[in-house]
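Survey of secondary and tertiary structure
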Amino acid sequence: MFATGRARPCRSPSRRRSCWTLQVDSPPRPQVAVRYTAPLRAPLAQGTQIGTVVITAPDFPGLTVPLYVAQPVDEIGFFGRMALGLKALFGSR
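Summary of the structure given here. (Residues numbered from 1 in each chain as written. Predicted model: local features only at pLDDT ≥ 70, side-chain atom pairs only at ≥ 80, totals over all residues. Heavy atoms only, no water.)

Relative to strand β2 (residues 49-56), strand β1 (residues 31-36) runs antiparallel, the two being bridged by six bridges. Paired with Gln31 across the two strands is Thr56, which belongs to β2. In terms of strand pairing, β2 meets strand β3 (residues 63-68) through six bridges, oriented antiparallel. For Val54, the partnering residue across the bridge sits in β3 and is Thr64. Counting the residues that bridge the hairpin from β2 to β3 gives six residues, and of these Asp59 lies at a positive phi of roughly 60 degrees. (Pairing = 2+ DSSP bridges. Helix = DSSP H or I, 4+ residues; strand = E, 2+ residues; numbered from the N terminus.)

In this section: a nonpolar patch on the surface. Together, Phe78, Phe79, Met82, Leu86, Leu89 and Phe90 make up an exposed nonpolar region whose accessible area comes to about 730 Å². You can see Phe79 is positioned in helix α1 (residues 78-90). (Patch = residues over 30% accessible without salt bridge, like charges linked within 9 Å, V, L, I, M, F, W, Y side chains within 5 Å. Areas by Shrake-Rupley, 256 points an atom, 1.4 Å probe, with all protein chains shown as cover. Salt bridge = Lys/Arg side-chain N within 4 Å of Asp/Glu carboxyl O.)

Here it is as structure tokens:
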């Protein structure tokens, strides 16, 4: 969507598949954290690693999966920046 930082959901590309299983008696809530250096600045090329996804759970060794840009992100132009500024000024969602 124009000047909002939103896009249609898409699958994240991965250079390898990530699967993990927990034991039957494991607590039901694993922790999932996305770690990246904020803020991400456009332009971002497709396939660029931007962070990691870390999955942890009790009695589980943990899993770290690289996070990549799924589709290219272009810089917004003058009017896009102006729209974002007005939106921030008036506090609309």
